[in-house]
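# Remarks on the overall topology
The chain contents come next:
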Amino acid sequence: CDCCDGADEFSSAARCPNTCVDLAKQAFGGLERACKQKMQLAVEGQALVHHDAAQLAKARTIMTEAKPQLDQLGEALFKEEALEQALREDRERRLEEGEIARALKLDLLTVPMMTQAMVRMALAQGMSGVDKLHEVLIENADLQEVMDDVDSADMLEVAMEARDAAKAAVPQSRDDAAAASAGEGTCSAHEACGFEAQMLELLPLADSPSEAVRQALDRYLAEMNATEILAQASREILGGANVVVDDAEAAAALELAMPFKHEGADRARQLYARAAETVRAANETLQELGPLESMRHVF
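Read on for an overview of the structure. (Residues numbered from 1 in each chain as written. Predicted model: local features only at pLDDT ≥ 70, side-chain atom pairs only at ≥ 80, totals over all residues. Heavy atoms only, no water.)

### Structural notes on the overall build of the protein
So the rule is basically this: Under the scheme used here, helices are H or I runs from DSSP no shorter than 4 residues and strands are E runs no shorter than 2 residues, and both carry numbers assigned from the N terminus. Each residue's exposure class comes from its accessible area (1.4 Å probe, protein chains only) as a fraction of the maximum for that residue type: buried when under 20%, exposed when over 50%, partly exposed otherwise. Here a residue-residue contact requires only that any non-hydrogen atoms of the pair lie within 4.5 Å.
Assigned secondary structure in the protein consists of 12 helices and zero strands. The helix and strand sequence of the protein, counted from the amino end, reads α-α-α-α-α-α-α-α-α-α-α-α. Burial analysis of the protein (299 residues in total) assigns 29% to the buried set. The contacts of the protein with a sequence gap of at least 6 include a subset with a gap of at least 24, amounting to 76%.

### Some details on the packing of helix α10 (residues 227–239) against helix α11 (residues 247–257)
In a packed pair of helices, the relevant descriptors are the angle between the two axes and the axis-to-axis distance. Rule in force here: Axis lines are fitted to C-alpha atoms, over the contacting stretch for helices. Their N-to-C directions set the angle, which ranges from 0 to 180 degrees. When describing relative orientation, an angle under 35 degrees is termed roughly parallel and one over 145 degrees roughly antiparallel, while 65 to 115 degrees is termed roughly perpendicular and anything else oblique. Helix crossings get a hand from a simple test, with the near helix turned counterclockwise from the far one by less than a right angle marking a left-handed crossing and a clockwise turn marking a right-handed one. In the scheme used here, Gly and all other residues not listed as nonpolar or charged are polar, with Ala, Val, Leu, Ile, Met, Phe, Trp, Tyr, Cys and Pro taken as nonpolar and Asp, Glu, Lys and Arg as charged.
Relative to each other, α10 and α11 sit at 160 degrees, their axes nearing to 10 Å. Here α10 lies roughly antiparallel to α11, going by the angle between them. Between α10 and α11 lies a crossing of right-handed hand. Residue-level contacts link Thr227, Glu228, Ala231 and Arg235 of α10 to Asp247, Ala250, Leu254 and Ala257 of α11. Each residue belonging to the contact of α10 with α11 can be placed in one class, and the counts come to four nonpolar, one polar and three charged.

### Focus on unusual backbone geometry
Negative phi characterises most residues that are not glycine, and trans characterises most peptide bonds. Phi angles above zero are rare outside glycine, and Lys105 is one such case at about 55 degrees. Looking at the element boundaries, Lys105 is found in the loop between α2 (99–103) and α3 (111–124). Given a relative accessible area of 25%, Lys105 falls into the partly exposed group. Here Asn242, not a glycine, exhibits a phi torsion of approximately 60 degrees, which is positive.

### A look at the environment of Arg91
Counting through the fold element by element, Arg91 comes out in helix α1 (residues 20–96). Along the chain, Arg91 and Phe260 lie 169 residues apart, while their C-alpha atoms are 8.3 Å from each other. Once you skip the residues sitting within four places of it in the chain, Arg91 turns out to touch Leu256, Ala257, Met258, Pro259 and Phe260.

### As for the environment of Glu277
Relative to the elements of secondary structure, Glu277 occurs in helix α12 (residues 263–295). Overall, the relative accessible area of 39% leaves Glu277 in the partly exposed class. On a C-alpha basis, the gap between Glu277 and Leu70 in space is 9.9 Å, while along the polypeptide they are 207 residues apart.

### A word on α11
How we decide: Working note: the arc is built from the helix axis to C-beta atom directions. Here a polar contact is recorded for every N or O atom pair within 3.5 Å, except that within protein the pair must consist of a potential hydrogen donor and a potential acceptor, and residues adjacent in sequence are included only if both atoms are side-chain atoms.
Turning to α11, its buried residues are Ala250, Ala253 and Leu256. All buried residues of α11 project into a common sector of 120 degrees when viewed along the axis, lining one side. Residues of α11 that are exposed and point more than 90 degrees away from the buried face comprise Asp247, Ala248 and Glu255. At the N-terminal end of α11, a side-chain oxygen is found 3.0 Å from the backbone nitrogen of Ala248, two or three residues along, and the residue is Asp246.

Here it is as structure tokens:
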């Protein structure tokens, strides 16, 4: 039965079933599936062609419209960054000229006043502030001798008591928090009392060189970023000596102490980066799909 219809067995008694129709159906079924797949691929290919054409058209539009905008944003960015640089240089100049110290009248602080200011800042910043204060004082070469007998544990004990008192008081405002931390009762703002007075009793700095104490104050201020606290402390402590710190000058000094930021330049950088990314993506699309478009007629 080599033939599907048994024609090769015409002289034989063998009975061969006719399978030609079934075989034909199988063959044509495979062809039908192949034709359907071909048609599906053709449809998908055409859709891809339309998609690529749309992407190319979009990319060309972007390059036509966004590229000039990118150039404009680049010019704006250049101007904003030039202004930013000028403002930064002006800020650095003002800092070098000591505007903060001058506005807060720190040069009028005596050694006891500077010590009180450091203690007030340290207590306001909690355990870490007091620990840093001891470190700053003990590491100052001109203050080491008087600080040798000062145990940091005693200072931290006062700080813990101040912290616990502040928590127990549940202060409702910043002034209440400062009062609770310092242990203030009825004493004036420029006076040292409560925990502040206890801390001052532990620090034998009254006869220390003014320059050494000022160096310690400057270092604490820089490392603990406590300009705002110092401004308030300076205003209050100097007030007890009838020295007035101008509010406007103090506000300008506090602004100067903040981390430098120029919002105009930051915004210009964001806009330029966004536009540049749009142009980059469009250019990438042109480089990827442009050659395929030019070769499409070959296929």
